[in-house]
Amino acid sequence: MTKVKTPNAFILILVLGLSIQSSMAQKLVQNIFGRECLSLNGRWNYIIDPYEMGYYDYRYDPFDQSETGQGGFYDNITSVIETEKVEYNFDLEPTLKVPGDWNSQYENLSLYEGTIWYKKDFKVTPKDETRYFIHFGAVNYESHIYLNGKKLGSHKGGFTPFQFEVTGKLNRGNNFIVLKVDNKRNKDEIPTINTDWWNYGGITRDVTLVSVPETFINDYKVQLDKNNRNLIKGFVQLNGSALQQNVVLSIPELSINKTFKTDATGKVEFELPVKKVKYWTPNEPYRYTVSLSTDNDKQTDLIGFRTISTEHKKILLNGEQVFLKGISVHDENPLIPGRLRSDGDIRMVLTWAKELGCNYIRLAHYTHNERTIRLADEMGLMVWAEVPVYWTISWENKDTYANALNQLTTGIERDKNRASVIIWSIGNETPVTEARNKFMMSLADHVRELDNTRLVAAALEVEREGFDVRVDDPLGEKIDLASFNEYGGWYWGGHPSNLSKYKWEIKYDKPVVISEFGAGALAGYHGSDSTLWTEEYQATLYVNQIKMLEQIDGFSGMTPWILVDFRSPRRQHPQFQNFWNRKGLISETGQKKKAFFILQEYYSKK
Ligand code: GCU
């Protein structure tokens, strides 16, 4: 390994006395789309660092001794440039597009799992009485963040936003930000080492420099009470030095213009009776302009008002029974390979779902882009949101639980004002053990504490013997739906014509929502409906699945697996897969398969 002249660099870092800045990221700024922002999207220089030489010296000691305030080697660009033997020069390196996973941008990064360093120069003129936050939409998986050679902190979790306050740390004029991003999988992380999706690494969502007044509206919730559609409930939380202030909540179309006073902690909770509300529904996804203002800050948001609840085996939207005509969706653009990057990407995928006749989507298996949730609000799609507590998690590891809790909490905090989100899912196909039950039931309790206005779900485990299927996973007691994946006619042997023989024993007096079923088909491959991988096989599976599911008492919705073919390292068949999971109703070239039209026909009549 090239021996970096550590002593000089190390001394320089010591001399520079890099201090660790607050590595705690404050509570997320609610609705950054309503804020004055400088986008840091664009091209960032990058260095591939498989041996993490920028972070560890040749004895594998980290340069970044957080407690002593030493930054990482790369982070202190000054030291690298001044060190006699410079072996790195960010500015001469190639670039990666941000937002965007690195796997899809260069062939040699397609399956890369390890560290990549990013660097971005930017100019800003910080204003007085103004606070600044650097906000990341998502970075997969672990990142260490440095601003102008000083460590801001680190973050774990590949799908949830995080931020660092940088007030007073920005130069007037030239600044630079460096990230160490590592997407290596690890059994104790969330997700664990084994998943059925591509491990897209990097800065996969927007990076934004957000500016707010010294005392600002940090967080708020404005939603309908769960049990009273004529009562708006919520809170406002200020952050800054003048915490006790008047806050005006205005919703002009509801003739609401109400002043509240925050307490010494900057918080006020409120309840507001409302008469005639135009409720948000998929067919009429109406959103109100909601403004919150204080002496020196104003936030405006578009918020839909609706209630979601269950009553025995029924799901009620605004008190009326609804059937969830759904489809599952990964955060991936098949046509421009990689994670969904922008509103354009996302609108294309959600338009396919609307074309299919959906009123509902399962955003599997992790927290999707905030833009996706906002577009679902606008386009009228109810959402099953989920955290990647997927398959064989390290149930007894307290750090693993804390990670899952953080990802769940962050998603709920970020999207709590979005009418589209009706379900918080705490996981998928997790093997039943005592430790798993404890872990998952605790997550379910936590969701209800944070947000009792939405349903809690998970893809439960099922037991099968031949054509007899039992659903009595202990976790089912804890969640609001009898929701589970089933693969009759594909993984569960036999031709789809056998589906009529299945007997279902579902233990709960709860709405039955099938969170997955499906079959693989290579678009354009045709043959008999008994030939695996043909469009005809997939289509006949859909016909027979629908017939079977319609017989189940309490059948209230479904999200077949999946809208679009997606990439997975587990899908190796050289003729039919080539690293693509082929259960999509649409191929990676945008071609609709026969099963798309079977489902579209069914939903049109539902
Ligand atoms: C599982 C899992 C999905 C996976 C699918 C499949 O049920 O939840 O993530 O992609 O089956 O095997 O295609």
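(A) Summary view of the domain arrangement of the protein chain. Segmentation of the protein chain into domains returns domain 1 (7-213), domain 2 (216-304) and domain 3 (310-605). Between the C-alpha centres of domain 2 and domain 3 there is a distance of 33 Å. Contacts between domain 2 and domain 3 engage 19 residues on the former and 24 residues on the latter. Together domain 2 and domain 3 conceal approximately 1700 Å² of surface at their shared face, both sides included; 50% is due to carbon and sulfur atoms. Here domain 2 is connected to domain 3 by four salt bridges. The shortest N-O distance in the salt bridge between Arg374 and Asp301 comes to 3.4 Å. If you look at where domain 2 meets domain 3, you find twelve residue pairs in polar contact (both at pLDDT 80 or more). Those elements that place two or more of their residues in the side of domain 2 that touches domain 3 are β13 (216-225), β14 (228-239) and β19 (298-303).

(B) A look at the site of the ligand. In the region of the ligand, 14 residues are neighbours, and Asp196, His365, Glu429, Tyr491 and Lys583 sit closest. Taking Asn581, its side chain carries an N or O atom lying 2.9 Å from an oxygen atom of the ligand. Within the complex, the protein chains bury 96% of what would otherwise be the 320 Å² of accessible surface of the ligand. Looking at the shell around the ligand residue by residue, the class counts come to five nonpolar, four polar and five charged.

(C) How the structure looks around the sheet that holds strand β29 (residues 468-471). Taken in spatial order, the three strands of this open sheet run β28-β29-β31, and their pairing is mixed. In the strand order of this sheet, the two ends are held by β28 (463-465) and β31 (503-506), each with one partner. Averaged over all pairs of adjacent strands, the angle between their axes in this sheet comes to 15°, without regard to strand direction. Sheet analysis places β29 next to β31, joined by four bridges and oriented parallel. In the strand pairing of β31, Val471 is matched with Ile506.

(D) Empty space enclosed by the protein, seen in detail. Counted by the stated rule, this structure contains six cavities of 30 Å³ or more. Space inside the largest cavity adds up to approximately 140 Å³. Taken together, 16 residues form the lining of the largest cavity, with Asn140, Tyr141, Arg185, Pro191 and Asn199 sitting closest to its centre. Among the residues forming the lining of the largest cavity, the class breakdown is six nonpolar, six polar and four charged. In this structure, the second largest cavity occupies an estimated 90 Å³ of space. Lining of the second largest cavity is provided by 16 residues; of these, Thr367, Ala385, Glu386, Gly411 and Trp424 occupy positions nearest its centre. Taken together, the elements giving at least two residues each to the lining of the second largest cavity come down to β25 (382-386), α5 (398-415) and β26 (421-428). Examining the composition of the lining of the second largest cavity, we find that six residues originate from one element, α5, more than from any other. Taken together, the residues that form the lining of the second largest cavity break down as eight nonpolar, five polar and three charged.

(E) Structural detail: the sheet that holds strand β21 (residues 314-317). Reading across the sheet, the three strands line up as β20-β21-β22 and stay open at both edges, with antiparallel pairing between neighbours. Two strands lie at the open edges of the sheet, namely β20 (308-311) and β22 (320-321), each paired on one side alone.

(F) Inspection of the pattern of salt bridges at higher detail. With the rule as written, the count across this model stands at 48 salt bridges. We note a salt bridge from Arg470 to Glu463, for which the minimum N-O separation is 3.6 Å. A relative accessible area of 32% places Arg470 in the partly exposed class. Salt bridges here are not isolated pairs; linked through shared partners, they connect Asp301, Glu370, Arg374, Asp377 and Arg418.

(G) Fine view of the environment of Leu92. Tracing the backbone through its elements, the reader meets Leu92 in the loop between α2 (77-82) and β3 (95-98). For the pair formed by Leu92 and Tyr46, sequence separation is 46 residues and the distance between their alpha carbons is 9.5 Å.

(H) Region of the structure containing the pairing of strand β8 (residues 150-156). Alignment of strand β7 (residues 142-147) against β8, held across six bridges, turns out to be antiparallel. Counterpart to His144 in the pairing with β8 is Ser154. In this structure, the hairpin formed by β7 and β8 is closed by a connection of two residues, where Asn148 is found at a positive phi of approximately 50°.

(I) Region of interest: the packing of aromatic side chains. Scanning the model with the defined rule gives 35 aromatic pairs in all. On the numbers, 5.2 Å between centres and 70° between planes, the contact of Phe596 with Phe597 is edge-to-face. The class for Phe596 is buried, based on a relative accessible area of 0%. Of the residues examined, Phe597 reaches a relative accessible area of 43% and is grouped as partly exposed. A network of ring pairs unites the aromatic residues Tyr487, Trp490, Tyr491, Tyr525, Trp533, Tyr537 and Phe576 as a single cluster. Here the guanidinium or amino end of Lys278 rests over the ring plane of Tyr286, the centre of that ring lying 4.2 Å away. Stacked on the ring of Trp580, the Lys or Arg Arg567 has its end atom at 6.0 Å from the ring centre.

(J) The arrangement of helix α4 (residues 370-379) in detail. The element α4 is extensively covered by neighbouring structure, given that nine of its ten residues are classed as buried. Listing the buried residues of α4 in full gives Glu370, Arg371, Thr372, Ile373, Arg374, Leu375, Ala376, Asp377 and Met379. Along its buried surface, α4 packs onto β19, α3 (343-356), β24 (360-363), β25, α5 and β26. Regarding α4, its N-cap is Asn369, as a side-chain oxygen of that residue lies 3.0 Å from the backbone nitrogen of Arg371 further along. Where α4 ends, the next residue or the one after it, Gly380, has phi of about 85°, a positive value.

Rules and cut-offs
Residues numbered from 1 in each chain as written. Predicted model: local features only at pLDDT ≥ 70, side-chain atom pairs only at ≥ 80, totals over all residues. Heavy atoms only, no water. Domains from an automatic or database assignment. Contact = heavy atoms within 4.5 Å. Buried area = accessible area lost by both parts, 1.4 Å probe. Salt bridge = Lys/Arg side-chain N within 4 Å of Asp/Glu carboxyl O. Polar contact = N/O pair within 3.5 Å; in protein donor to acceptor, adjacent residues only side chain to side chain. Helix = DSSP H or I, 4+ residues; strand = E, 2+ residues; numbered from the N terminus. Near = heavy atom within 4 Å. Areas by Shrake-Rupley, 256 points an atom, 1.4 Å probe, with all protein chains shown as cover. Nonpolar A, V, L, I, M, F, W, Y, C, P; charged D, E, K, R; others polar. Pairing = 2+ DSSP bridges. Axes fitted to C-alpha atoms, helices over the stretch in contact; angles between N-to-C directions. 1 Å grid on protein atoms, 1.4 Å probe; cavity = no way out; pocket = protein on both sides within 12 Å on 5 of 7 lines; lining within 4 Å. Points joined across faces, edges and corners; volume = space filled by probe spheres on them. Buried < 20%, exposed > 50% of the residue type's maximum accessible area, 1.4 Å probe, protein only. Phe/Tyr/Trp six-rings, centres within 6.5 Å; stacked < 30°, edge-to-face > 60°. Lys NZ or Arg CZ within 6 Å of the ring centre and 35° of its normal.

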